[in-house]
Number of protein chains: 2
Amino acid sequence: MAADATGALGWQDVAALARARLAARIWPPGAIIPPEAELAREFGVSRSTVNRALRALAEEGWLDRRRKAGTRVAERPVHRATLAIPLMRDEVEAAGHRYGYRLLDREVTATPGLLALQLGMRGVPRVLRLEALHLADGRPWAHEERWISPETAPGVFEADFAAQSANEWLVTHVPCSSVEVSVSAERATGRVAAMLECEDGEAILVVERITRQEGRGVTLLRLSHAPGHRIRSTPG
Amino acid sequence: MAADATGALGWQDVAALARARLAARIWPPGAIIPPEAELAREFGVSRSTVNRALRALAEEGWLDRRRKAGTRVAERPVHRATLAIPLMRDEVEAAGHRYGYRLLDREVTATPGLLALQLGMRGVPRVLRLEALHLADGRPWAHEERWISPETAPGVFEADFAAQSANEWLVTHVPCSSVEVSVSAERATGRVAAMLECEDGEAILVVERITRQEGRGVTLLRLSHAPGHRIRSTPG
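In this text, all values refer to a predicted model and were calculated from it rather than measured experimentally. (Residues numbered from 1 in each chain as written. Chains lettered and ligands numbered in written order. Predicted model: local features only at pLDDT ≥ 70, side-chain atom pairs only at ≥ 80, totals over all residues. Heavy atoms only, no water.)

Asks: Please set out the environment of Leu-223 of chain A residue by residue, giving values where relevant.
Replies: Residues and elements named next belong to chain A. Residue position: Leu-223 is located in strand β9 (residues 216–225). The spatial distance from the C-alpha of Leu-223 to the C-alpha of Leu-205 is 8.3 Å, given a sequence separation of 18 residues. When residues no more than four places from it in sequence are discounted, the contact partners of Leu-223 are Met-88, His-134, Ala-142, His-143, Glu-144, Leu-205, Val-206, Val-207 and Arg-209. (Helix = DSSP H or I, 4+ residues; strand = E, 2+ residues; numbered from the N terminus. Contact = heavy atoms within 4.5 Å.)

Asks: Mind laying out helix α1 (residues 11–23) of chain B, listing which residues take part and the relevant values?
Replies: All names here are of chain B. Between its terminal C-alpha atoms α1 stretches 18 Å, which fits the 18 Å expected from 13 residues at 1.5 Å a residue. Buried-residue contacts for α1 involve α2 (36–43), α3 (47–59), β1 (63–66) and β2 (70–73). Arg-25 occupies a position one or two residues after α1 and carries a positive phi of about 60°. (Expected span 1.5 Å × (residues − 1).)

Asks: Break down the sheet that holds strand β4 (residues 99–110) of chain A for me, with residues and values.
Replies: In space, the seven strands of this open sheet follow the order β4(A)-β5(A)-β6(A)-β9(A)-β8(A)-β7(A)-β10(B), with antiparallel pairing throughout. If you trace the sheet from one side to the other, it starts and ends with β4 of chain A together with β10 (230–232) of chain B, each paired once. Going across the sheet, the axis of each strand differs from the next one's by a mean of 15°, ignoring polarity. In this structure, β4 of chain A lies alongside strand β5 (residues 126–136) of chain A, joined through 11 bridges in antiparallel fashion. Bridged to Leu-103 of chain A within β5 of chain A is Ala-132 of chain A. Lying on the sheet, helix α6 (residues 166–173) of chain A is in contact with β4, β5, β6 (139–148), β8 (203–213) and β9 of chain A; it crosses β6 of chain A at an angle near 50°. (Pairing = 2+ DSSP bridges. Axes fitted to C-alpha atoms, helices over the stretch in contact; angles between N-to-C directions.)

Asks: With reference to specific residues and values, describe the packing of helix α1 (residues 11–23) of chain A against helix α3 (residues 47–59) of chain A.
Replies: All names here are of chain A. The contact between α1 and α3 brings their axes to 8 Å, and the two run at 55°. It follows from the interaxial angle that α1 and α3 lie oblique. The handedness of the crossing between α1 and α3 is right-handed. Residue-level inspection shows Trp-11, Val-14, Ala-15, Ala-18, Arg-19 and Leu-22 of α1 in contact with α3, the latter providing Thr-49, Val-50, Arg-52, Ala-53, Ala-56 and Leu-57. Grouping the constituent residues of the contact of α1 with α3 by class yields nine nonpolar, one polar and two charged. (Parallel < 35°, antiparallel > 145°, perpendicular 65-115°, else oblique. Left-handed = near helix turned anticlockwise from the far one by under 90°. Nonpolar A, V, L, I, M, F, W, Y, C, P; charged D, E, K, R; others polar.)

Asks: For the state of the cysteines, give the residues involved together with the corresponding values.
Replies: Should the sulfur atoms of two cysteines be covalently bonded, the bond is a disulfide. As enumerated under the stated definition, the model contains zero disulfides over all chains in all. Cys-198 of chain B supplies the cysteine sulfur nearest to Cys-198 of chain A, a cysteine that is in no disulfide, at a spacing of 19 Å. Since its relative accessible area comes to 14%, Cys-198 of chain A is described here as buried. (Disulfide = S-S within 2.5 Å. Buried < 20%, exposed > 50% of the residue type's maximum accessible area, 1.4 Å probe, protein only.)

Asks: Could you give me a rundown of the sheet that holds strand β7 (residues 178–187) of chain B, with the residues and numbers involved?
Replies: Overall, antiparallel pairing links the seven strands, which are arranged β10(A)-β7(B)-β8(B)-β9(B)-β6(B)-β5(B)-β4(B) in an open sheet. Taken across any chain shown, the strands that pair with only one partner, and hence form the sheet edges, are β10 (230–232) of chain A together with β4 (99–110) of chain B. Along the sheet, successive strands turn relative to each other by an average axial angle of 15°, direction set aside. Where strand β5 (residues 126–136) of chain B lies against strand β6 (residues 139–148) of chain B, nine bridges are found, and the strand directions are antiparallel. From the neighbouring strand, Glu-131 of chain B faces β6 of chain B, where its bridge partner is Glu-145 of chain B. Contacts from helix α6 (residues 166–173) of chain B reach β4, β5, β6, β8 (203–213) and β9 (216–225) of chain B, with the element oriented near 50° to β6 of chain B.

Asks: Please provide a residue-by-residue account of the relation of the copies chain B and chain A, values included.
Replies: You can overlay chain B on chain A at an RMSD of 0.1 Å; the transform is a turn of 180° with a shift of 0.0 Å along its axis. With respect to symmetry, the two chain copies, as superposed, fit the operation of a two-fold axis. A shared interface surface links the copies, since 100% of the contact residues of chain B are contact residues in chain A too. (Least-squares fit on C-alpha atoms with pLDDT ≥ 70 in both.)

Asks: Can you explain the pairing of strand β2 (residues 70–73) of chain A? Please cite residues and give values.
Replies: Residues and elements named next belong to chain A. Looking at chain direction, strand β1 (residues 63–66) and β2 are connected through four bridges and run antiparallel. When the sheet's bridge partners are listed, Arg-66 is paired in β2 with Gly-70. Counted between consecutive antiparallel strands, the loop separating β1 from β2 contains three residues.

Here it is as structure tokens:
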């Protein structure tokens, strides 16, 4: 068991002790566990160390923390995994390839009704629609179709997306506060299959992403990945 | 702007102010932002409120927090999305269906070499292999193939998986500390296509999950979802 220079337990140690109590049903599902101050005394650690450990167990889904009611053992823990959403350039380079980007189409268009709904942009009459291809060592990595709102991304109608991907432009121009991701499997057809240079009917991973700034829609993105692509969660 | 009863700003307000500074490049990429104590004075809030706000921005990928070096604006923010991993029963019921479960196969088997590697269970000679079907309103929802280590899940060889899914048994018997998820698109073939009652070649979403307890492998799961399935990230 790792201990710091003073011999005291670290928060990971406290988390391990707590997990053992959960496993042994000393803290059964639905039970209220002892208050932080009591656990701190028992384990001989500071209250903030207990707090950090319980926060980790709550993030893992084992505990429900309520401000007033105390900390309860979850009846049915819901585990969580984290998806990192790196720049496409960084994703391709991390996979050991040379990144490339090609703008296929760009138009300022009347805001599609469904998009206005999904992004909550009813007052936005026109949006920018982009179609682009991301490449790895010159071969198709992902096909992108994207809409961007000029309300939350001022200057987007003037930006040069032939020179720089929307991905990179947005990251440095618009700080977004939330990202929603939806993943499905589809069969590649028509233009997407042609752009990905794969056969019609191949199974491809399609990722849709909605990015918001303080609740207002910035961009909706539909990424069709070349066959064989895999999305992995990141630790922590 | 929401303020509490005392008129002070909340952490969400401080986060919004910080995001505005990032957007305006008052805090440009790579810069070290002012210390928490200074921001607390400036915004008229407690240091813990500033800390909570900066933690949120760090979780969103905008800031890199280093213990000694201070808080730096990320050069290339990596956004994150969270996947909830509910019980299959809860997932099916949340989609408005009646949940069903059928054990298809169960065997205690010599630990496959690749599995031993992936789960870090070199000293575990035998594991339990299960094959099962999850149903929604009596129709196939997902086909499951799973291996469980008796080292980290004691009692697993004796459990009755015809009566209860491994999903539910594990959740109440083994507190796991980490989940790794990998998602891909595949074409359904052979037994999986037959069990999912779909055509050979249909695009299906395949989710692999590795669950660990304190770094030791508990289970590896391969879930093949019926066509049309979608995985959505959860807010926060």
